[in-house]
Structure formats: C-alpha cells, structure tokens
Amino acid sequence: SPAELEERFDATIAADQRIEPRDWMPEAYRKSLIRQIAQHAHSEIIGMQPEGNWLLRAPSLRRKAILLAKVQDEAGHGMYLYAAAETLGVDREELTEKLIDSRQKYSSIFNYPTLSWADIGVIGWLVDGAAICNQVPLCRCSYGPYARAMIRICKEESFHQRQGYESLLALANGTEAQREMVQESTNRWWWPSLMMFGPADGDSPNTRQSMEWGIKRHTNDELRQRFVDMTVPQAEALGVTLPDPDLRWNDERGAYDFGEPDWSEFKAVISGAGPANRQRLAHRRRAHENGAWVREAARAYADKQAARAEA
Ligand code: FAQ
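Described below are features of the structure shown in this document. The structure displayed is predicted, hence computed values, not measured ones. (Residues numbered from 1 in each chain as written. Predicted model: local features only at pLDDT ≥ 70, side-chain atom pairs only at ≥ 80, totals over all residues. Heavy atoms only, no water.)

Let us look at the overall build of the protein. Assigned secondary structure in the protein consists of 13 helices and two strands. Scored against the burial criterion, the 311 residues of the protein give a buried share of 49%. Considering only contacts in the protein between residues 6 or more positions apart, those separated by 24 or more positions represent 78%. Looking at the protein as shown, the accessible area adds up to about 15,800 Å², and 54% of this sits on carbon and sulfur atoms. Between the mean site of the 39 positive side-chain charges and the mean site of the 45 negative ones, the protein shows a separation of 6 Å. (Helix = DSSP H or I, 4+ residues; strand = E, 2+ residues; numbered from the N terminus. Buried < 20%, exposed > 50% of the residue type's maximum accessible area, 1.4 Å probe, protein only. Contact = heavy atoms within 4.5 Å. Areas by Shrake-Rupley, 256 points an atom, 1.4 Å probe, with all protein chains shown as cover. Lys, Arg positive; Asp, Glu negative; His and termini not counted. Charge placed at Lys NZ, Arg CZ, Asp CG, Glu CD.)

Encoded structure:
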C-alpha cells in the first residue's frame, strides 16, 4: 500500500541506506534530485567553456596536454551525471533543451570570463577546490546512482585542484609580472568561488528538505566556511592575498571570520545577467544544433538495428 511504501522509504533514509532507481520514492524527492543533478551536469558541460578558451593559448605543450585532459574529464563528468539523472525517468535530450531554453540553471561561477592564463590555475585551485568541498559529502547522498557517480568525479576533481595549484606555484616562483597576474586573477575569482556554495542558509529554500532526505549532508554556509578554512593557508603558501579585509582567524570559533559576498551580484548572475551568461548559453545552443546530424544518424542506425532484430 502507499503508506507502506512511504514507510519503507523513510526507514531507508533513517538507516542511512541508499535509495535505488527501482525503489518507490516521493515525487518531491525525485523532482529535487532531478533539479540538482541536472544543474550539476549542466555546470560540468558549460564549465568546459571558460577553460576551453585557453586551450590554443596554453604556454607550453605540457600545460596544453594537461588542460585538454581536464576539459575532457569535465565532459565525462557531465555524461555520468546525465546518466544518473536518467535513472530518475528523464532523458538527456529533455534536460539539454531545458538548459538551452534557460529553464534549468548551471553554476554561477561559469558566467565569469577567463581573462589571463593565471585564471586557468586559479580555476583549478579555487573553483575545483570549492567543487571538492561541496561534492565530497555528495558521495554519501541518499540516492545511489548520484552518490556513486560522485566518487569517481571527486577523485578526478582532486587531481584538477592539484594541477591548478601546481601551475600557480610555477607562476608564484616566476617573475614579478607573473606574481601580479596570480594576484589579479585571485582578486576576480575569490568572491564568485564563495558564491558557488549557494545563498546563505537563511535564504536557501532547498537546504532543510534536502538535508532531511540525505541529499545534502551540510548546509551551504557550513561548506563555505570549510572552504575558507582550507584555502587561507594555501593562499599564504602561494604568497597571494585574498581580497577580503574582514578575513581573520577567530580563536573562539576555531575558524576564519570572513566578509559577506555581494548577494545582489549572485542573484543577477543566476538569473541570467552575469558577465558571460549570454555567450555561454549561445555557445551551448550552437553546439547542440551542430550536433543534430549526429543524433539523427545514431537514431537511424538504432532503428535499422531494431528492424533487423525483428526480421
Ligand atoms: N549557481 O536552496 P538553494 C563543477 C540556486 S562545480 C547557480 O541553496 P540547493 C566542477 C539553486 O539551484 C559546480 N545556481 O539550492 C567544475 C536554487 O535554484 P532552483 C556545480 C545556484 O540545491 C569545476 C536556488 O539557487 N556543482 O561544475 C547556485 O539546496 C571546474 C536556491 O539555492 C554542483 O552543482 C549557484 N552557485 O543548493 C567543472 C554541486 N547556488 O534549483 C568545470 C551540486 C544556488 O530552486 C570546471 N549541487 N543556486 O531553481 C549542490 O550542492 C546544490 O545544488 C547547491 C545549491 C549547493 C549548488
């Protein structure tokens, strides 16, 4: 009976076990997971663009090979995540349509332009650093296919973070101009990186329910704090200053105090008015249209195989 199904679902969540695609789940749980996983997948795919912008300008063959591998990993992450979303009864085609019609979101961070080579290192250091902080707890998400996808993704993200940091260390040990380039880039990316964790807890409509369901394991502010605490010593080691006059160690809390991100900027960026929103979506739309013939050919081939199997 429906009551028994709901009871079984609640018991599975309470026992911290996984919900699998064939299990009964409340419609709102399914919807919220589709929302989050689709946004996450779209972020990986749109996230290829800012770095792709530097593939032809990487300063050495070694840096170019590394960057190419990273961007390809992001495509792979997008694919696992779309596959995880498909286990909830949606298809990738439909999700892609929603992305290019602006009916689903992707991470705010990818709406900022990559203006210097240092941005590539800073994206690895701060953006992948924030991504790891947010995603490691998702490896314990109550929905099995999402949790399992996140395990592999996190391993690759930690390699991405290290390559970014290593590339910045090379610049930090270089010329004065290179050090200035790292500082200038850090100044631009610091606050947007903090915004990746989402609105402050008091303004986050989804957190409470997502935590009750074991989708999220920590609030947005908890993870933002964890990221700041992890990043400050790394900034010191690099010799860069984080652009926040309120940043200081708080002995009582055993954590860093830090300033408030500009939430009006965050709201503008997630509602389509960020510096690169239009460009990112236009590019994604064009790529999707240019791929139409591939999808048609694949469909024709599948139909032919099916007809043969029947005959
Ligand atoms: N950008 O109630 P909450 C990567 C939306 S890492 C855009 O707090 P929730 C790796 C939120 O969706 C980036 N929108 O929502 C990489 C909701 O809108 P909705 C991707 C945001 O879900 C690195 C509304 O605001 N990572 O790609 C943002 O509980 C380098 C209210 O917010 C993930 O997606 C934002 N920053 O918490 C790739 C991680 N923040 O849906 C390439 C998985 C909030 O009601 C290069 N996602 N919103 O219309 C999550 O952990 C959560 O969904 C949060 C938001 C924490 C992002």
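Picking up where we left off.
Along the chain, the position of N250 falls in strand β1 (residues 248–250). Classification of N250 by relative accessible area gives buried; the value is 17%. A distance of 3.0 Å separates a polar side-chain atom of N250 from the backbone nitrogen of R253. Ignoring sequence-local partners within four residues, the contact set of N250 consists of A255, Y256 and D257. (Polar contact = N/O pair within 3.5 Å; in protein donor to acceptor, adjacent residues only side chain to side chain.)

Linking two cysteines covalently via their sulfur atoms produces the bond known as a disulfide. All chains considered together, the criterion is met by zero disulfides. Its sulfur unpaired, C139 is 3.9 Å from the next cysteine sulfur, which belongs to C154. We note that C141 lacks a disulfide partner, and the nearest cysteine sulfur, in C139, lies 9.8 Å from it. (Disulfide = S-S within 2.5 Å.)

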